[in-house]
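Observations on the model geometry
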Amino acid sequence: MGNLNKEIRDGDHPDITEERLKSTFDTHKMAAQIYNSQRAADRRNEITSAVLKIPELQDIKPLPFLSREEKVEEAARKIGILSEHLYDLVNVNDGAELYHLNNVVIGGEGNPLALHGVMFIPVLQAQATDEQKKKWLYRAMKREIIGTYAQTEMGHGSNLRKLETTATYDKATEEFVLNSPTTTSMKWWPGNLGKSTNYAVVVATLIINEKDYGPHSFMVQLRDENTHKPLPNIEVGDIGPKMAYNATDNGFLKLNHLRIPRTNMLMKHVKVEKDGTYIKPPHAKMSYSAMVHVRAHMNNTMAYFLASSLTIAVRYSSIRRQGHINPKEPEVKVLEYQTQQHRLFPHIARAYAFSFAGAETVRLYEKVKKDMESGETELMADLHALTSGLKSVVTYLTMQGIEQARQSCGGHGYSMASYISEIYGIAIGGCTYEGENMVMLLQLARYLMKAAKAVKEGKKVEGLVGYLSAPDNRHSLIDRTPEKSYDTYLKTFEHIARQQIFRAFDKLEKMLTSGLPHSEAWNKCSVELTRASRLHTRLFIAQAFARRVHDVVDFHIKEALDDLLHLHLNYELLDVASYALEDGHLCGEQMNFIRSELYRSLGKIRPNAVSYVDAWELSDMELRSVLGRRDGHVYENLYKWAQNSSLNRTDVLPVFEKYLKPLMMSARKNSKL
Ligand SMILES: CCCCC/C=C\C/C=C\C/C=C\CC/C=C/C(=O)SCCNC(=O)CCNC(=O)[C@H](O)C(C)(C)COP(=O)(O)OP(=O)(O)OC[C@H]1O[C@@H](n2cnc3c(N)ncnc32)[C@H](O)[C@@H]1OP(=O)(O)O
Ligand SMILES: Cc1cc2nc3c(=O)[nH]c(=O)nc-3n(C[C@H](O)[C@H](O)[C@H](O)COP(=O)(O)OP(=O)(O)OC[C@H]3O[C@@H](n4cnc5c(N)ncnc54)[C@H](O)[C@@H]3O)c2cc1C
């Protein structure tokens, strides 16, 4: 039998090989769990190998040494080369293959086609009529045109009903007049809007006969297809550097009474007829499909960002030696410290959990998308609630995990050589885009309050909120039953979420009966409401993890996932235990049990730590991290990496003659006086 950890190679750092030899499971079989099939895991590696054989697709130098302009150019250069090889490298109809190709070749900092693939094409697929698809979608898919999704304005992002860009129907000419009447009405933020795209789906407030019909989607050509010059009545540009994600030209757009044909409104579900008659869609929020598309996929991208940072941190922690546990023995790998394990391992478990919850979410999304094709909208509310909660909780916890990964690398974590700070910057954008996290938690809370009301009225609720009408134990059975089952944990999570949902509901009801208007009462309860949403979502994540472990057949993979799940349940429960202590559902003795199970779990995970992160099969090319190198040879490569610094081109910088020398000379002169 070969090595179970598939990353072992001759010449690797012995400390990392030692880790890999301890693996109790086949890392490539584990990759099949993470990427949802063995075929998908195989394809990722095949794509990476093929890319490595194409010299023009390699980074010209480490990305942190590029200026913003060079980053934009480098991403565009690679997109050009990729287009030549695309059909040889991937199945272009497979989103996961395309995403992987992007991560390996270009990385997370963006590229001119980022929004084209992530939102422009999906919005046309979901909202364009067949005729409109012929006109734009097929050209977009062939990349004859490049588009983006332009919704957010300088003054409004969260509250779509107050978008100031107007699309006023002119019956006489059968045109819409698109206008940005104020500075704050300018589109501000859309990815690739600034310089790359020549088309955009613009979301504007529809006005017919002076009546406001709310946000609707319109196809707008922004630039000449040959010269790329902005068309008349259009002002467009880049919004400037951001915290990260700087290979992308997030942009602004000002429309000055721009006229577009009536047929440029995306009309698959909603219509404006020639005479200005408005025909409602089957569901008022069908036009929000592009946002739901991204939200549904964000769990997996966040899991990927988190796993990338942890791969870097755990590999580095296995070659970094510092200090002693036993003073008579050599310095230990920092991974031996319990604090280091506690800092990293629960986040490894979360990365797996987000990936499994993500797979379930994408399945529900695909079902709802198919239903919507035929005008069936029943599950839209469930999907919106689920994706709103997950989007918020997963991005927030990912942020925490990446930052812990950075700190766990000590000083070198702060260097861009770790690349963790860039991953952090990219990932935390997710707390804001596709719906600011608090705003989205409050969307889920609306759904939860409706369910709570139904239960209070004696009705049975089912599906994602079914537990609200299920029987509850007054006291948790954790450590109170002979058999060790995850059900006791999941029931405790259910209890906690249920209690908080009803606490928020009762508070809201009390304020409403005291006569407070709904919106004011809602605001005064909103912290409690967001707590309810978080607890409900964390329950879902834990359940999704348990469902996956339950379904795994391979004994060694099941055992390894079972260890991670055990850690996850104990760690997460400790994190929210105050809710269960408050009403005596858990007692001090059970808390001690949970804590000791957590510490036991850390020890159990320790031998497989490197293998759990290796199983994500993230190549050196896609990690772009000196600390996270597969071979563990960090130090000599840190030194090589620093040679790229432009400050090292000369021994003496011009600033010496200009500023430092006069400063020191004058100081010396003064001290002689
Ligand atoms: C392939 C995936 C790739 C992932 C990412 C990859 C890499 C990452 C790297 C870089 C980033 C790359 C891309 C990022 C791109 C980012 C793009 C954007 O950010 S686009 C702009 C996104 N903007 C928002 O999300 C705005 C948030 N606001 C809203 O969504 C709405 O304003 C809000 C808050 C939902 C309220 O809407 P409104 O129309 O005012 O609501 P009402 O009060 O009228 O009605 C509320 C009822 O409507 C229900 N509802 C709302 N939305 C939906 C929906 N989508 N589906 C079903 N139902 C919905 C809601 O539940 C209420 O129902 P009840 O009244 O409670 O019954
Ligand atoms: C990297 C990145 C990429 C983006 N890409 C795109 C894109 O491609 N296309 C596009 O159209 N947009 C894009 N956006 C914009 C993004 O979607 C919005 O910034 C986001 O939806 C938040 O809206 P806002 O900026 O108006 O925040 P605001 O709503 O102004 O948020 C400010 C604060 O107000 C709070 N708040 C607002 N409303 C409420 C409420 N009702 N209840 C309680 N609290 C509230 C928020 O919680 C937050 O704390 C992008 C943004 C980023 C950062």
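Residue positions are given per chain, counting from 1 as you read along its sequence in written order. Each chain is given a letter, starting from A, and each ligand a number, starting from 1, according to the order in which they appear as written. This being a predicted model, a pLDDT of at least 70 is required before a residue's local features are given, and a value of 80 or more before pairs of side-chain atoms are given or counted; all residues contribute to the totals for chains, interfaces and linings.

On to unusual backbone geometry. The backbone of R143 shows a phi angle near 65°, a positive value even though the residue is not glycine. Using a count of 14 C-beta atoms within 10 Å as the deciding quantity, one classes R143 as partly exposed. One non-glycine residue, H257, adopts positive backbone phi at about 50°. Here H257 lies in the loop between β8 (251-255) and β9 (258-261). Here H257 falls in the exposed class, since 12 other C-beta atoms lie within 10 Å of it. Exposure criterion: with C-beta atoms placed from backbone coordinates, a residue whose C-beta has 20 or more other C-beta atoms within 10 Å is buried, one with 12 or fewer is exposed, and one in between is partly exposed. What counts as a helix is a DSSP run of H or I of at least four residues, what counts as a strand is a run of E of at least two, and both are numbered from the N terminus.

What follows deals with the UniProt feature "domain: Acyl-CoA oxidase C-terminal" (unreviewed entry) in the chain. Those places that UniProt annotates as "domain: Acyl-CoA oxidase C-terminal" (unreviewed entry) correspond, in this numbering, to residues 487-664. Its end C-alpha atoms 71 Å apart, residues 487-664 is made of 76% helix and 0% strand. UniProt positions are given in the numbering used here, feature names are shortened, and annotations may be inferred rather than shown by experiment.

Take the buried Ala, Val, Leu, Ile, Met, Phe, Trp, Tyr and Cys residues, join any whose C-beta atoms are within 7 Å, and the set you get is a nonpolar core. Core analysis: the largest hydrophobic core is formed by 180 residues, its most contacted members being L310, I348 and L564. Ignoring any residue separated from it by four or fewer positions in sequence, one finds I348 in contact with L310, L564, Y612 and V613. We call two residues in contact if the C-beta atoms placed from their backbones are at most 7 Å apart.

On to the sheet that holds strand β4 (residues 187-188), then. The rule for pairing is simple: two strands pair if DSSP sees at least two bridges between them. Read across the sheet, three strands follow the order β4-β8-β7 without closing on themselves; strand pairing throughout is antiparallel. Each of the sheet's edge strands pairs with one partner strand only, and the pair in question is β4 and β7 (234-238). Examined bridge by bridge, β4 and β8 share two bridges and lie antiparallel to one another. Its bridge partner being in β8, W188 is matched across the sheet by F252.

With that settled, the discussion passes to the environment of G425. Along the chain, G425 falls in helix α12 (residues 420-428). Sequence-wise, G425 and I541 are 116 residues apart; in three dimensions their C-alpha atoms are separated by 24 Å. Leave out the neighbours within four places in its chain, and G425 touches M243, A244 and Y245.

Whether a residue is near a molecule or strand depends on its C-beta atom, generated from backbone atoms, being within 6 Å of that molecule or strand. Around ligand 2 there are 21 residues in total, and Q151, T152, G157, S158 and M438 lie nearest to it. Of all the secondary-structure elements, those providing two or more residues to the shell around ligand 2 are β1 (147-150) and α13 (437-456). No other element matches α13, which puts three residues into the shell around ligand 2. Viewed by domain, the shell around ligand 2 spans two of them, domain 2 (148-281) and domain 3 (290-459 + 487-613), each represented by three or more residues. Just so you know, the domain bounds were taken from an automatic or database domain assignment.

Quick look at the site of ligand 1 now. Neighbouring ligand 1 are 31 residues, the closest being Y288, H297, H384, Y433 and G435. Top contributing element to the shell around ligand 1 by residue count: helix α8 (residues 289-319), with six residues. Under the grouping applied here, Gly and all other residues not named as nonpolar or charged are polar, the nonpolar ones being Ala, Val, Leu, Ile, Met, Phe, Trp, Tyr, Cys and Pro and the charged ones Asp, Glu, Lys and Arg. Here the residues of the shell around ligand 1 are counted per class, giving 15 nonpolar, 12 polar and four charged. The residues that make up the shell around ligand 1 include at least three from each of domain 2 (148-281) and domain 3 (290-459 + 487-613).

Attention shifts here to the domain arrangement of the chain. The domain boundaries assigned to the chain delineate domain 1 (16-120), domain 2 (148-281) and domain 3 (290-459 + 487-613). Averaged C-alpha coordinates put domain 1 and domain 2 at centres separated by 32 Å. In this assembly, 13 residues from domain 1 lie in contact with 13 residues from domain 2. Every element with two or more residues in the side of domain 1 that touches domain 2 is listed here: α4 (68-89) and α6 (114-127). Of the residues that constitute the side of domain 1 that touches domain 2, the class distribution is seven nonpolar, three polar and three charged.

The UniProt record marks residues 26-146 with the feature "domain: Acyl-coenzyme A oxidase N-terminal" (unreviewed entry), using the residue numbering of this structure. Secondary structure content for residues 26-146 is 68% helix and 0% strand, while the C-alpha to C-alpha distance between its ends is 42 Å.

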